[in-house]
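# Structure at a glance
Here's the letter readout for the chains.
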Amino acid sequence: MLTKSGQISTAKRYRLVEQCFGSALESHGFTTDNSKTAVFWRKTEGNIYHYVVAWRAKRSPKYDILAFAHSPLLDEEFSEKHPDNIGCPMHGHVHSKRGVGFRSEKLFCRTEEGFLRDFEKRGRAMLSEHAVPFLDKIQTLNDLAPLITAVGAKEKLNKALQPING
């Protein structure tokens, strides 16, 4: 479905994200359970949650891919926010050449054809070559600690790690 401006609707974009990202992420244990906005997530044995999100630019028919980890220990309202309203506590932009970090890479999503073409050309590889391997390395709070950049989350994580690291 196209909007008056010729762009695909938000609902259609969510379905495309679920379809395309799902084909790349579900075999790695990711799901969109309880998500209304096509947020992919999985939980590790160490109570770390991994998220992969297609983050749409406000005034542009493009999106970034975010890959980040989070923990209920970093946010008192985690259970209310999970999965759709969890904030990204680290530099989690996925880039086809630089991996996961501060720099983002925009993919097109104005039309269904453009979305599908750009996902197959760049997005699928960004997920399999960068997002999933990056998240696979974050299994515990100690793995997560050096990656946190959000000030409040960093303070909460340090308090949570004190009993663990004694």
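In case you missed it, the structure is sitting above this.
Summary of the structure given here. In this text, all values refer to a predicted model and were calculated from it rather than measured experimentally.

Here we take up the overall build of the protein chain. Looking only at helices and strands, the protein chain features five helices and six strands. When the helices and strands of the protein chain are listed from N to C terminus, the series reads α-β-β-β-α-β-β-β-α-α-α. For 166 residues, the compact-globule estimate of 2.2 N^0.38 gives 15 Å, and the C-alpha radius of gyration of the protein chain, at 16 Å, lies within 12% of that figure. Oriented by its inertia axes, the alpha-carbon framework of the protein chain measures out at about 55 × 30 × 30 Å. Here the protein chain holds 166 residues, and the buried ones make up 45% of them. Look at the contacts in the protein chain between residues 6 or more apart in sequence, and 52% of them connect residues 24 or more apart. As displayed, the protein chain has an accessible area near 9,200 Å², and 49% of this comes from carbon and sulfur atoms. Side-chain charges of the protein chain comprise 25 positive and 19 negative groups, with the mean position of each set lying 9 Å from the other.

We now examine the packing of aromatic side chains. Think of a pair of aromatic rings as described by two things: how far the centres are apart, and how the planes are tilted against each other in angle. Overall, the coordinates contain eight aromatic pairs when judged by the stated rule. Plain terms: the ring middles of phenylalanine 21 and phenylalanine 40 are 6.3 Å apart, the flat faces sit at 25° to each other, and that makes the pair stacked. In this pair, phenylalanine 21 is assigned in helix H1 (residues 10-25) and phenylalanine 40 in strand S1 (residues 40-43), connecting sequence segments 19 residues apart. Grouping residues by exposure puts phenylalanine 21 and phenylalanine 40 together as buried.

Right, let's talk about the nonpolar core for a bit. If you look at the biggest cluster of nonpolar residues, it comprises 48 residues, and the most contacted ones within it are Phe21, Val52, Ile65, Leu127 and Leu144. Of all elements in the fold, only H1, S1, strand S2 (49-56), strand S3 (62-70), helix H3 (112-136), helix H4 (141-144) and helix H5 (151-165) reach the threshold of two or more residues within this core. Of all the elements, H3 adds the most residues to this core, at eight residues. In this structure, valine 52 is in contact with Phe21, Leu25, Phe30, Val39, Phe40, Ile65, Leu66, Leu127 and Leu135, ignoring residues within four places of it in sequence.

Attention shifts here to the pattern of salt bridges. In a structure, side chains of opposite charge can pair up when their charged atoms sit close to one another. All chains considered together, the criterion is met by nine salt bridges. Across the pair glutamate 76 and lysine 156 runs a salt bridge, and its minimum N-O distance is 3.2 Å. One end of the pair, glutamate 76, is in the loop between S3 and helix H2 (78-81); the other, lysine 156, is in helix H5, with 80 residues separating them in the sequence. Here the salt bridges do not stand alone but share partners, grouping Asp75, Glu77 and Lys81 into one network.

On to the side chain of histidine 82. Along the polypeptide, histidine 82 turns up in the loop between H2 and strand S4 (93-95). At a separation of 2.6 Å, a polar atom in the side chain of histidine 82 contacts the side chain of tyrosine 51. Histidine 82 has contacts with Trp41, Tyr49 and Tyr51, leaving out every residue within four places of it along the chain.

Bringing the environment of leucine 74 into the picture now. With respect to the secondary-structure elements, leucine 74 resides in the loop between S3 and H2. Sequence separation of leucine 74 and glycine 152 is 78 residues, and the distance between their C-alpha atoms is 8.0 Å. Residues contacting leucine 74, with those up to four places away along its chain left out, are Leu144, Ile148, Ala153, Lys156 and Leu157.

What counts and what doesn't
- Residues numbered from 1 in each chain as written.
- Predicted model: local features only at pLDDT ≥ 70, side-chain atom pairs only at ≥ 80, totals over all residues.
- Heavy atoms only, no water.
- Helix = DSSP H or I, 4+ residues; strand = E, 2+ residues; numbered from the N terminus.
- Rg over C-alpha atoms; globule rule 2.2 N^0.38 Å.
- Buried < 20%, exposed > 50% of the residue type's maximum accessible area, 1.4 Å probe, protein only.
- Contact = heavy atoms within 4.5 Å.
- Areas by Shrake-Rupley, 256 points an atom, 1.4 Å probe, with all protein chains shown as cover.
- Lys, Arg positive; Asp, Glu negative; His and termini not counted.
- Charge placed at Lys NZ, Arg CZ, Asp CG, Glu CD.
- Phe/Tyr/Trp six-rings, centres within 6.5 Å; stacked < 30°, edge-to-face > 60°.
- Core = buried A, V, L, I, M, F, W, Y, C linked by side-chain atoms within 4.5 Å.
- Salt bridge = Lys/Arg side-chain N within 4 Å of Asp/Glu carboxyl O.
- Polar contact = N/O pair within 3.5 Å; in protein donor to acceptor, adjacent residues only side chain to side chain.

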